[in-house]
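# Close look at the chain arrangement
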Amino acid sequence: MTEKLSETSAAENEVTEVTEPQEPEASPQGIIAPSSDWSNPLRDPRDRRLPRIAGPSGLVIFGVTGDLSRKKLMPAVYDLANRGLLPPGFSLVGFARRDWEDQDFAQVVHDAVREYARTEFREEVWQQLAEGMRFVPGDFDDDDAFKQLRSSIEELDASRGTSGNYAFYLSVPPKFFPKVVQQLKKHGLAGAPEGSWRRAVIEKPFGHDLRSAEELNRIVHDVFEPDQVFRIDHYLGKETVQNILALRFANQMFEPIWNRSYVDHVQITMAEDIGIGGRAGYYDGIGSARDVIQNHLLQLMALTAMEEPASFDAASLLMEKLKVLKAVKLPGDLGKHTVRAQYAAAWQGGEKVRGYLEEDGIDPASMTDTYAAIKLNVDNRRWAGVPFYLRTGKRLGRRVTEIAVVFQRAPHSPFDSTATEELGQNAIVIRVQPDEGMTVRFGSKVPGTSMEIRDVTMDFAYGESFTESSPEAYERLILDVLLGDANLFPRHQEVEESWRILDPIEEYWATHGRPAQYTSGSWGPEEADEMLARDGRSWRRP
Ligand code: BG6
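So, here's what we can say about the structure. Everything quoted here is computed from the prediction, not taken from an experiment. (Residues numbered from 1 in each chain as written. Predicted model: local features only at pLDDT ≥ 70, side-chain atom pairs only at ≥ 80, totals over all residues. Heavy atoms only, no water.)

### Quick notes on the pattern of salt bridges
- This structure, assessed with the given rule, holds 36 salt bridges.
- We note a salt bridge from Arg248 to Glu255, for which the minimum N-O separation is 2.7 Å.
- Judged by its relative accessible area of 1%, Arg248 is buried.
- Among the charged side chains, a network of salt bridges with common partners joins Arg52, Arg476, Asp480 and Asp485. (Salt bridge = Lys/Arg side-chain N within 4 Å of Asp/Glu carboxyl O. Buried < 20%, exposed > 50% of the residue type's maximum accessible area, 1.4 Å probe, protein only.)

### Thoughts on the site of the ligand
- Inspection of the region around the ligand gives 14 residues, with Tyr235, Lys238, Glu272, Asp291 and Gln433 positioned closest.
- Residue His234 places a side-chain N or O atom 2.8 Å away from an oxygen atom belonging to the ligand.
- Contacts to the ligand include Gln433, whose side-chain N or O atom sits 2.7 Å from an oxygen atom.
- Out of a free accessible area of 400 Å², the ligand has 82% covered by protein chains.
- Take the shell around the ligand: its biggest share by element is three residues, from helix α10 (residues 287–305).
- Broken down by class, the residue content of the shell around the ligand amounts to four nonpolar, three polar and seven charged. (Near = heavy atom within 4 Å. Polar contact = N/O pair within 3.5 Å; in protein donor to acceptor, adjacent residues only side chain to side chain. Areas by Shrake-Rupley, 256 points an atom, 1.4 Å probe, with all protein chains shown as cover. Helix = DSSP H or I, 4+ residues; strand = E, 2+ residues; numbered from the N terminus. Nonpolar A, V, L, I, M, F, W, Y, C, P; charged D, E, K, R; others polar.)

### With respect to the environment of Leu318
- For Leu318, the location among the structural elements is in helix α11 (residues 314–327).
- C-alpha of Leu318 to C-alpha of Phe489: the two residues are 171 residues apart in sequence and 9.2 Å apart in space.
- Excluding its chain neighbours within four sequence positions, the residues that come into contact with Leu318 are Arg491, Gln493 and Glu494. (Contact = heavy atoms within 4.5 Å.)

### A few points about helix α4 (residues 123–130)
- Taken together, the buried positions of α4 are Val125, Trp126, Gln128, Leu129 and Ala130.
- Buried residues belonging to α4 abut α2 (67–82), α3 (102–116), β5 (133–137) and α5 (143–160).

### Brief notes about the nonpolar core
- Counting residues in each nonpolar core, the largest one holds 130 residues, and the members touching the most others are Phe62, Leu149, Phe168, Leu184, Met301 and Leu390.
- Examining the composition of this core, we find that ten residues originate from one element, α10, more than from any other.
- Look past the residues within four positions of Phe168 in its chain and what remains in contact with it is Val60, Phe62, Leu149, Ile153, Leu184, Leu189, Arg198, Arg199, Ala200 and Val201.
- Judged by nonpolar contacts, the second largest core, of 21 residues, contains Ala271, Tyr356, Tyr371 and Trp523. (Core = buried A, V, L, I, M, F, W, Y, C linked by side-chain atoms within 4.5 Å.)

### Let's talk about empty space enclosed by the protein
- In this structure the tally under the stated criterion is six cavities of 30 Å³ or more.
- Taken as a whole, the largest cavity encloses approximately 140 Å³ of empty space.
- Along the wall of the largest cavity there are 15 residues; nearest its centre are Asp233, Gln294, Asn295, Pro490 and Val495.
- Among the secondary structure elements, those contributing two or more residues to the lining of the largest cavity are α10 and α15 (492–511). (1 Å grid on protein atoms, 1.4 Å probe; cavity = no way out; pocket = protein on both sides within 12 Å on 5 of 7 lines; lining within 4 Å. Points joined across faces, edges and corners; volume = space filled by probe spheres on them.)

### What to know about the packing of α11 against α15
- Running from N to C, α11 and α15 cross one another at 10°; their axes reach a closest spacing of 10 Å. When the interaxial angle is binned, α11 and α15 end up roughly parallel. Crossing hand, α11 versus α15: left-handed. For the pair α11 and α15, the contacting residues are Leu318, Lys321, Leu322, Leu325 and Lys326 in the first and Gln493, Glu494, Glu497, Ser498, Arg500 and Ile501 in the second.
- Its residues placed into classes, the contact of α11 with α15 shows four nonpolar, two polar and five charged. (Axes fitted to C-alpha atoms, helices over the stretch in contact; angles between N-to-C directions. Parallel < 35°, antiparallel > 145°, perpendicular 65-115°, else oblique. Left-handed = near helix turned anticlockwise from the far one by under 90°.)

### So, the packing of aromatic side chains
- Counting across every chain of the model gives 21 aromatic pairs.
- Ring centres 6.0 Å apart and planes at 75° place the aromatic pair Tyr389 and Trp539 in the edge-to-face group. Highlighted residues: Tyr389 in strand β15 (residues 387–393) and Trp539 in the segment after α16 (526–533), separated in sequence by 150 residues.
- Its relative accessible area of 7% is what places Trp539 among the buried residues.
- Ring pairing ties together the aromatic residues Phe62, Phe95, Phe140, Phe146, Phe168 and Phe176, which thus form one cluster.
- Sitting over the face of the ring of Phe121, Arg114 holds its NZ or CZ atom 3.9 Å from the ring centroid.
- When the ring centre of Tyr343 is taken as origin, the NZ or CZ atom of Arg395, which lies over that ring, is 5.6 Å away. (Phe/Tyr/Trp six-rings, centres within 6.5 Å; stacked < 30°, edge-to-face > 60°. Lys NZ or Arg CZ within 6 Å of the ring centre and 35° of its normal.)

Laid out in structure tokens, this is it:
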């Protein structure tokens, strides 16, 4: 099978096609064999329903003992193999400071897969994957460990046909990014041998502010070409986030009203009910705005606000998203139009939870925000005068991410004012998670003899309309890396532009008093409600 794969793969080994139009079940080996049936004249090569299957390749994960690796990356690799989307010889190399043998590493992956994988566990798929697992013990500044990594890759090329194609996944604290990429360069691992590829996958946060992001980009680009670098923003791997593009640009009915003539404002909410858990070391000093507004929420905003791209390739998407980010203007008075806060102890879901300042590992005088709300303006012809309100927080009422496009009221009402007393504003709400779908809110007559109009909703739910379940964001993104498809990965310009937006807000907060407090399990601090009330608006209760 390996032989067949290398025959049919293009130079870049990107996509191996199969003949069935539907995503097929994996073979008993858990691997789809490529077919050479390209000659079938009935088959349209543009048929996007064909599964995209990675060619010969391997993945090296740095920071393999971390939570992200265990809960997301390892299960995603298994799920891809189980769906038949990885090549037979796919190999996984773990690199970490542990005294492990290959079998110990395989056991850790096994346990992670058993606990967190999305698809069912199949022994034969597991066995085939496990045979390609290697572990390299060492520190990031340990030259011998990188030499061993190089030999492991060469050994896998020979024994599993990985053809020198490797992605290096940096799932490590940001302070180690420069060291790891420099070591990859020093040990000749960053440059691809003739006819193969090497890619670097970099987790967020990409920098702490504009200056550090620029510096990091300089270091990374000194080692890798721009098209070798894949910066992860896992929100872009979510099905519902990609659906923003489908919704807007595959339909005729939304786009004509998607502008300042009809839209009153946009609210983007990412609420979590959990606290910081065991992540004090990462979170303190970073806070909610750097953690998720700089990346996930600004990306959601860019996709919601951008113009139609000329095509859906990485360059066209970048161009349109970047135009939005560049058009973002902060309000003059940041004291009035931004809020940051910390969760306070309370009963939440029947459990007594600690306040942020009492969490293990948190300095009781910490100024770090666990909630942030900001108002942004997009100063262009489409959006001038339409505020975008972005908010996020830990320990809020429930876990929900949504984009609500709220429309202006009808310019004239032919009804008695009593008839429309309870009528709100029309809205289109894209439910990113957890109840994936979309809601349209509009007014309807209440049945009865008098004219009374109230809000009703019309709903689309993924679960009801489709039988296919959505892949996890990391499944999609890891496969894209192996295919060299960069469409869903932010480029350095977007990352830097997002810091340009956030930096003045962070600077303002750092020099203006302490964060407000909010009760765990609530919908945030009063100050956030006041912020919207000043504009004559209120937050949705999702
Ligand atoms: C991460 C943040 O990027 O996203 C976390 O660092 C957050 O703080 C997480 O909990 C939420 O991801 P999801 O996919 O569960 O919404």
